[in-house]
Amino acid sequence: MMRVIETDSLTLEPQTAAHAKDMFAVLSDPAIYEYENEPPPSVEWLRARFTKLESRLSANGQEQWLNWVIRLPS
């Protein structure tokens, strides 16, 4: 089980579907996608994507993925 990691300068939270609404604004910034991919089309799409990633495993089950959301104190 992944746990929240807190320091004075940031908090790392294991990414879950509950983060989709907050992360949609961040991940919709076109500057992130200058060289590849594209922004998520909707909050609902991002929530579904994050739900799939909550297993923390690759599609073949051979890799463990550690996806995090970074929160700053402000």
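All values derive from a computational prediction rather than experimental measurement. (Residues numbered from 1 in each chain as written. Predicted model: local features only at pLDDT ≥ 70, side-chain atom pairs only at ≥ 80, totals over all residues. Heavy atoms only, no water.)

Draft legend 1. Looking closely at the side chain of His19. Checked against the element boundaries, His19 lands in the loop between strand S2 (11–14) and helix H1 (20–27). Reaching out from His19, the side chain makes a polar contact with the side chain of Glu13 at a distance of 2.6 Å. (Helix = DSSP H or I, 4+ residues; strand = E, 2+ residues; numbered from the N terminus. Polar contact = N/O pair within 3.5 Å; in protein donor to acceptor, adjacent residues only side chain to side chain.)

Draft legend 2. Region of the structure containing the pattern of salt bridges. Evaluation of the coordinates by the stated rule reveals 2 salt bridges. In this structure, Arg71 engages Glu13 in a salt bridge whose closest nitrogen and oxygen atoms are separated by 3.0 Å. A residue pair is termed long-range when its members are at least 10 positions apart, and Arg71 in strand S3 (residues 68–71) and Glu13 in strand S2 qualify at 58 residues. Looking at Arg71, the relative accessible area reads 32%, which means it is partly exposed. Here Asp22 and Arg71 are joined by a salt bridge, their closest N and O atoms 3.4 Å apart. Of this pair, Asp22 sits in helix H1 while Arg71 sits in strand S3, placing them 49 residues apart in sequence. Taking relative accessible area as the criterion, Asp22 reaches 47% and is therefore assigned partly exposed. Here the salt bridges share partners, and the residues they tie into one network are Glu13, Asp22 and Arg71. (Salt bridge = Lys/Arg side-chain N within 4 Å of Asp/Glu carboxyl O. Buried < 20%, exposed > 50% of the residue type's maximum accessible area, 1.4 Å probe, protein only.)

Draft legend 3. Quick look at the sheet that holds strand S1 (residues 5–6). Read across the sheet, 3 strands follow the order S1-S2-S3 without closing on themselves; strand pairing throughout is antiparallel. Sheet topology places S1 and S3 at the edges, where each strand pairs with a single neighbour. Relative to S3, S2 runs antiparallel, the two sharing 4 bridges. Paired with Glu13 across the two strands is Val69, which belongs to S3. (Pairing = 2+ DSSP bridges.)

Draft legend 4. Structural view of the environment of Thr11. Note that Thr11 resides in strand S2. Since its relative accessible area comes to 17%, Thr11 is described here as buried. Spatially, the C-alpha atoms of Thr11 and Trp68 are 9.6 Å apart, while their sequence positions differ by 57 residues. Apart from residues no more than four positions distant in its own chain, Thr11 is found in contact with Val4, Ile5, Glu6, Val69, Ile70 and Arg71. (Contact = heavy atoms within 4.5 Å.)

In short, the description is geometric, and any link to function would need to be established separately.
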